[in-house]
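# A closer look at the structure
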Amino acid sequence: MSAVSDRLPTFPWDKLTPYKATAAAHPDGIVDLSVGTPVDPVPELIQKALVAAADSPGYPTVWGTPELRDAITGWVERRLGARDVTHRHVLPVVGSKELVAWLPTQLGLGPGDRVAYPRLAYPTYEVGARLARAEYEAYDDPTELDPEGLKLLWLNSPSNPTGGVLPKEELTRIVAWAREHGILLFSDECYLELGWEADPVSVLHPDVNGGSYEGIVAVHSLSKRSNLAGYRAAFLAGDPAVLAPLLEIRKHGGMMTPAPTQAAVIAALGDDEHVRVQRERYAARRTLLREALLAHGFRIEHSEASLYLWATRGESCWDTVSHLAERGILVAPGDFYGPAGAQFVRVALTATDERVAAAVQRL
């Protein structure tokens, strides 16, 4: 066991513990804008679908029910503009984090293979490479990487933590480069529904991939768009030649989305209204927090999409974390996402209206 755990970095969130205690001591309580976990109710139609499927005594299938695959393919075509998507092009997963963490291992990567991800990125991309004993590196422009031995290229648009969005032309260029060099491209698009000052585009769009899914897979989650982080509901869509062996591996590993969750996903993907309502909540919170941070002396970069504001006061991120904690506000230090974030903090929009109002008042 120690041989596996020794490959991993220190769990970053543990470092926030003393700052959380400081923020919690505020007379009006803590405003936690650090983790980004949804706080609003699960939409009623999704709850009803979950409850209706609660009597599920048998094992679910890894590939999901035909109805679930229909829901995913329909959503991918309707929302992302993808074409000719069949059941072979989709695969449910048990939340996106487990997929990111175990994908290099499930792809058979190991020593000598390389995994690349953005300079500022979700830490689990690196964790996945470490678990597989593969090499890993961060990039500014993936097409400047040495393609030799590069087996897995992660894109993330909209970005966690920065909220940056890759334009359609940039995505097209990167997809073409990856194909030219035979590099498998996985695009983490979990925040695609949350574009504010930009309209995020999927690698599944024909303008990006030329009408072919060869060598590309998109990752989508219902955690943010539908407040389903507690349900562990996500899926892949893309190249059947990649998804078919992943399906077989995941069958052997028992990586099954629970049947009630599958029913909830069908309901969630079939309804756009609850997504619109949730977007309006986040948009209002974003406006309030953005204005308050700017008035407090912060500069905000990128942040044109996703659930975060990428903010700096031109000082160590930990000094900023401490400054805000003394005001009862907890945020994530930017160096959790790579050394390039050393002077930034990530401010999540995932707090209730009442807590956001409290943060604005304190700022």
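Look above for the structure.
Note that the structure is a prediction, hence the values are computed from the model and not measured.

Check the secondary structure of the chain and you find 13 helices and 13 strands. Against the compact-globule benchmark of 21 Å for 363 residues, the chain has a radius of gyration of 20 Å, which places it among compact chains. In terms of principal-axis extent, the alpha carbons of the chain reach across some 55 × 50 × 45 Å. Looking at the chain as a whole, 55% of its 363 residues qualify as buried. For the chain, the proportion of contacts with a sequence separation of at least 24, taken over those separated by at least 6, is 75%. When the accessible area of the chain is evaluated, it comes to approximately 15,100 Å², of which 54% is carbon and sulfur surface. Across the chain, 35 positive and 46 negative side-chain charges occur, with their mean positions spaced 3 Å apart.

All right, on to the sheet that holds strand β6 (residues 184-188) then. If you trace the 7 strands from one edge of the open sheet to the other, you get β2-β8-β7-β6-β5-β3-β4, paired in mixed fashion. The open sheet has two edge strands, β2 (90-93) and β4 (135-139), and neither has a second partner. Strand-to-strand twist across the sheet, computed as the mean angle between neighbouring axes with direction ignored, equals 20°. For strand β3 (residues 114-118) and strand β5 (residues 150-156), the ladder comprises 3 bridges, and the chain directions are parallel. The residue bridging R114 from the neighbouring strand is L150, located in β5. Running over the sheet, helix α5 (residues 96-106) touches β2, β5, β6, β7 (216-221) and β8 (234-238) and is turned about 160° from β5.

It is worth spelling out unusual backbone geometry at this point. For the bond from S157 to P158, the omega torsion is -5°, close enough to zero to count as cis. Its location among the elements puts P158 in the loop between β5 and α7 (168-180). The backbone of H302 sits at a positive phi, close to 55°, despite the residue not being glycine. If you check the backbone angles, S303 has positive phi at about 65° while not being a glycine. Locating S303 in the fold gives a position in the loop between β9 (299-301) and β10 (308-312).

A few words on the pairing of β6. Two faces make up the sheet, and in a regular strand the side chains alternate between them. When you tally the buried positions in β6, you get 5 out of 5 residues, the bulk of the element. Side chains L184, F186 and D188 of β6 all project onto a buried face; the interleaved residues L185 and S187 project onto the opposite face, where all are buried too. As judged from the 5 bridges shared by β5 and β6, these two strands associate in the parallel manner. By the bridge assignment, N156 is partnered in β6 with D188. After leaving β5, the chain enters α7 and then returns to the sheet as β6, a path that is right-handed. Bridge count between β6 and β7: 4 bridges; the pairing is parallel. Among the inter-strand pairings, D188 is bridged to a residue of β7, identified as V219.

What follows covers helix α10 (residues 259-269). Every buried residue belonging to α10 is among T261, Q262, A264, V265, A267, A268 and L269, and all of these are buried. Check the buried side of α10 and you find it contacts α3 (44-52), α4 (66-80), β8 and α11 (273-295).

On to the nonpolar core, then. Membership of the largest hydrophobic core comes to 65 residues, with the highest contact counts inside it found for L33, W154, F186 and L236. Top element by residues in this core is helix α12 (residues 317-325). It accounts for 5 residues. Of all hydrophobic cores here, the second largest spans 42 residues; its members include L171, V201, L228 and A233.

Counted according to the given criterion, the structure contains 23 salt bridges. Note that D40 is salt-bridged to R285, the shortest N-O span being 2.8 Å. Residue D40 is located in the loop between β1 (31-32) and α3, and its partner R285 is located in helix α11; the two are separated by 245 residues in the primary sequence. One exposure class covers both D40 and R285, and it is buried. Put simply, R78 and D272 hold a salt bridge, and the shortest N to O gap is 3.0 Å.

We now examine the packing of aromatic side chains. Overall, the coordinates contain 12 aromatic pairs when judged by the stated rule. Between W310 and F344, the aromatic rings sit 5.1 Å apart at their centres with planes inclined by 5°, giving stacked as the arrangement. Placement of the pair is W310 in strand β10 and F344 in strand β13 (residues 344-348), with a sequence separation of 34 residues. In this structure F344 comes out as buried when scored by relative accessible area, which is 11%.

Inspection of the secondary structure puts Q106 in helix α5. Every residue in contact with Q106, bar those within four places of it in the chain, is listed here: L246, I249, R250 and M255.

Tracing the sequence through the fold places E273 in helix α11. As a C-alpha pair, E273 and A359 span 86 residues in sequence and 29 Å in three-dimensional space. A distance of 2.4 Å separates polar atoms of two side chains, one belonging to E273 and the other to R276.

Rules used throughout
- Residues numbered from 1 in each chain as written.
- Predicted model: local features only at pLDDT ≥ 70, side-chain atom pairs only at ≥ 80, totals over all residues.
- Heavy atoms only, no water.
- Helix = DSSP H or I, 4+ residues; strand = E, 2+ residues; numbered from the N terminus.
- Rg over C-alpha atoms; globule rule 2.2 N^0.38 Å.
- Buried < 20%, exposed > 50% of the residue type's maximum accessible area, 1.4 Å probe, protein only.
- Contact = heavy atoms within 4.5 Å.
- Areas by Shrake-Rupley, 256 points an atom, 1.4 Å probe, with all protein chains shown as cover.
- Lys, Arg positive; Asp, Glu negative; His and termini not counted.
- Charge placed at Lys NZ, Arg CZ, Asp CG, Glu CD.
- Pairing = 2+ DSSP bridges.
- Axes fitted to C-alpha atoms, helices over the stretch in contact; angles between N-to-C directions.
- Right-handed = clockwise from strand over helix to strand, strands pointing away.
- Core = buried A, V, L, I, M, F, W, Y, C linked by side-chain atoms within 4.5 Å.
- Salt bridge = Lys/Arg side-chain N within 4 Å of Asp/Glu carboxyl O.
- Phe/Tyr/Trp six-rings, centres within 6.5 Å; stacked < 30°, edge-to-face > 60°.
- Polar contact = N/O pair within 3.5 Å; in protein donor to acceptor, adjacent residues only side chain to side chain.

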